[in-house]
Amino acid sequence: MANKRTLKHAINLVCDDLFTEAVAASLYGNDNNQENTEALLFSIIKTQSDFVCRVSHPEPGMAAHLYYKDLREKFSMQVSEIIDQINNL
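All of these numbers come straight from a predicted model, not from anything done at the bench.

The rules we used
Starting from 1, residues in each chain are numbered consecutively following that chain's sequence as written. Note on the predicted model: pLDDT of at least 70 is required for a residue's local features to be given, and 80 or more for side-chain atom pairs to be given and counted; whole-chain, interface and lining totals, by contrast, use all residues. Side-chain descriptors were evaluated using all non-hydrogen atoms of the structure, hydrogens and water having been removed beforehand. Numbering of helices and strands runs from the N terminus, with a helix taken as a DSSP run of H or I at least four residues long and a strand as a DSSP run of E at least two residues long. For a helix, the expected span equals 1.5 Å multiplied by the residue count minus one. Each residue's exposure class comes from its accessible area (1.4 Å probe, protein chains only) as a fraction of the maximum for that residue type: buried when under 20%, exposed when over 50%, partly exposed otherwise. The contact criterion used throughout is that any non-hydrogen atoms of two residues lie within 4.5 Å. Here a salt bridge means any side-chain nitrogen of Lys or Arg lying within 4 Å of a carboxyl oxygen belonging to Asp or Glu. Interaxial angle, 0 to 180 degrees, is taken between N-to-C directions of lines fitted to C-alpha atoms, where a helix line uses only the stretch in contact. In these notes the angle categories are as follows: under 35 degrees is roughly parallel, over 145 is roughly antiparallel, 65 to 115 is roughly perpendicular, and the rest is oblique. When residues are grouped by polarity, Ala, Val, Leu, Ile, Met, Phe, Trp, Tyr, Cys and Pro land in nonpolar, Asp, Glu, Lys and Arg in charged, and all others, Gly among them, in polar. Pairing of aromatic side chains requires ring centres within 6.5 Å, counting the rings of Phe and Tyr and the six-membered ring of Trp. Pairs whose planes differ by under 30 degrees are stacked, by over 60 edge-to-face, and all others tilted.

Enquirer: Give a detailed account of helix 1 (residues 4–28), specifying residues and quantitative values.
Expert: Three- or four-residue spacings in an α-helix give side chains the same orientation, since the helix completes a turn every 3.6 residues. Look at helix 1: 36 Å from first C-alpha to last across 25 residues, which is about the 36 Å you get at 1.5 Å a residue. The set of residues buried in helix 1 consists of Leu7, Ile11, Cys15, Leu18, Ala22 and Ser26. Against the buried residues of helix 1 lie helix 2 (34–56) and helix 3 (64–87).

Below, the structure written as structure tokens:
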């Protein structure tokens, strides 16, 4: 595992890219459903905030390498769900 700063930076970069793609998809997509777009953008921001906070405060009683491995897997699953939502815009 890299250090916490690197992990936070990677999470921020991925979420920034997702936000940019969601905005572009909403502007240039065929269907213009404002409520779905706003909900998607809010979920990206909430995901970013949640995972960055979780990096700083590991779960007590759990080994560090297992905690961060689980964190990366859950983040990857969340990003995949958001990508699917962007594709459906």
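Enquirer: Just give me the short version of the pattern of salt bridges, but keep the residues and values in it.
Expert: Taken as a whole and assessed by the stated rule, the structure comprises 2 salt bridges. Here Asp50 makes a salt bridge to Arg54, at a shortest N to O gap of 3.9 Å. Taken together, the positions of Asp50 and Arg54, both in helix 2 and 4 residues apart, correspond to about one turn of that helix. Taking the relative accessible area as the measure of exposure, Arg54 reaches 22% and is therefore partly exposed. As a salt-bridge pair, Asp70 and Lys74 come within 3.2 Å of each other at their nearest N and O atoms. In this pair, Asp70 and Lys74 are both assigned in helix 3, 4 residues apart and thus about one turn of the helix distant. Overall, the relative accessible area of 23% leaves Asp70 in the partly exposed class.

Enquirer: Provide a residue-level description of helix 3, including the pertinent values.
Expert: Helix length check: helix 3 (24 residues) gives 35 Å between terminal C-alpha atoms against 34 Å at 1.5 Å per residue, within 8%. Three or more residues of helix 3 are buried, namely Tyr67, Tyr68, Leu71, Phe75, Val79, Ile82 and Ile86. Where the residues of helix 3 are buried, they touch helix 1 and helix 2.

Enquirer: A description of the packing of helix 1 against helix 3 should follow, citing residues and the corresponding values.
Expert: For the pair helix 1 and helix 3, interaxial distance at closest approach is 10 Å and the crossing angle is 10 degrees. Judged by the inter-axis angle, helix 1 sits roughly parallel to helix 3. Contacts from Lys4, Leu7, Ile11, Val14, Cys15, Leu18, Glu21, Ala22 and Ala25 in helix 1 reach Tyr68, Leu71, Arg72, Phe75, Val79, Ile82, Ile83 and Ile86 in helix 3. Taken together, the residues of the contact of helix 1 with helix 3 sort by class into 14 nonpolar, no polar and 3 charged.

Enquirer: Please provide a residue-by-residue account of the packing of aromatic side chains, values included.
Expert: Using the criterion set out here, one finds 2 aromatic pairs in the structure. Between Phe51 and Phe75, the ring centres sit 5.2 Å apart and the planes meet at 70 degrees, which makes this aromatic pair edge-to-face. Pair noted here: Phe51 is in helix 2 and Phe75 is in helix 3, with a separation of 24 residues, a long-range link. One exposure class covers both Phe51 and Phe75, and it is buried. Ring centres of Tyr67 and Tyr68 lie 5.2 Å apart, and the angle between their planes is 80 degrees; on these two criteria the pair is classed as edge-to-face. Under the relative-accessibility criterion, Tyr67 is labelled buried at 5%. Among the residues examined, Tyr68 registers a relative accessible area of 4% and is labelled buried.

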